[in-house]
Amino acid sequence: MTARGSRDHPVATTPETVPSGCQWFTDPDGTLCLAPSCMARIQDPDAECLCDTLTARYDRLARKMQELQERQAYADTWWRSLREALDAHPDGRAILADAGKRAGR
């Protein structure tokens, strides 16, 4: 990973090598440039960069979404298996009717 620079200590780079996230860099002609990736710095170049914070939040949400999808897949498999067992049971309809009554349906 490329080192992060700052306004006072920019990282020399070219447009092709600018890493993701907000970065101060010097272009080939020596001009100091900001490549903003977060809204805070798009609006104010001297604002605190939020890229790491937003990336961390996104990563947490992505992990949570994966966990929820896995739990839902397990629940779907369990429900299908339970329903198949219930359908195969001789008293399946009576059990289903009783469960519906207990659930208030």
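Refer to the structure presented above.
1. Some points on the overall build of the chain
Next, step 1: Each helix and strand in the chain was counted, giving three helices and three strands.
Next, step 2: For the chain, the sequential pattern of α-helices and β-strands runs β-β-β-α-α-α.
Next, step 3: By residue count, 16% of the 105 residues in the chain fall in the buried class.
Next, step 4: For the chain, restricting intrachain contacts to residue pairs at least 6 apart in sequence, the fraction spanning at least 24 positions comes to 8%.
Next, step 5: In the form shown here, the chain has an accessible surface area of approximately 8,500 Å², with 55% of it arising from carbon and sulfur atoms.

2. A few points about the pairing of strand 3 (residues 32-35)
Next, step 1: Taken together, the four bridges between strand 2 (residues 23-26) and strand 3 define a ladder with antiparallel strand orientation. Each residue of the ladder has a partner; that of F25, found in strand 3, is C33.
Next, step 2: The hairpin turn running from strand 2 into strand 3, its antiparallel successor, is five residues long, and G30 in that turn takes a positive phi close to 95°.

3. Quick notes on a nonpolar patch on the surface
Next, step 1: There is a patch of nonpolar side chains on the surface, built from Y74, W78, W79 and L82 and spanning about 540 Å² of accessible area.
Next, step 2: In this structure, L82 sits in helix 2 (residues 51-88).

4. Let's talk about the pattern of salt bridges
Two side chains carrying opposite charge are able to pair once their charged atoms lie near each other.
Next, step 1: All chains considered together, the criterion is met by three salt bridges.
Next, step 2: The shortest N-O distance in the salt bridge between E67 and K64 comes to 3.9 Å. Here E67 pairs with K64, and both are found in helix 2, just three residues apart, close to one helical turn.
Next, step 3: In this structure, R83 engages D87 in a salt bridge whose closest nitrogen and oxygen atoms are separated by 3.2 Å. Of this pair, R83 and D87 both sit in helix 2, separated by four residues, roughly a single helical turn.
Next, step 4: With a relative accessible area of 53%, D87 lands in the exposed category.

Reading the values: the criteria
Residues numbered from 1 in each chain as written. Predicted model: local features only at pLDDT ≥ 70, side-chain atom pairs only at ≥ 80, totals over all residues. Heavy atoms only, no water. Helix = DSSP H or I, 4+ residues; strand = E, 2+ residues; numbered from the N terminus. Buried < 20%, exposed > 50% of the residue type's maximum accessible area, 1.4 Å probe, protein only. Contact = heavy atoms within 4.5 Å. Areas by Shrake-Rupley, 256 points an atom, 1.4 Å probe, with all protein chains shown as cover. Pairing = 2+ DSSP bridges. Patch = residues over 30% accessible without salt bridge, like charges linked within 9 Å, V, L, I, M, F, W, Y side chains within 5 Å. Salt bridge = Lys/Arg side-chain N within 4 Å of Asp/Glu carboxyl O.

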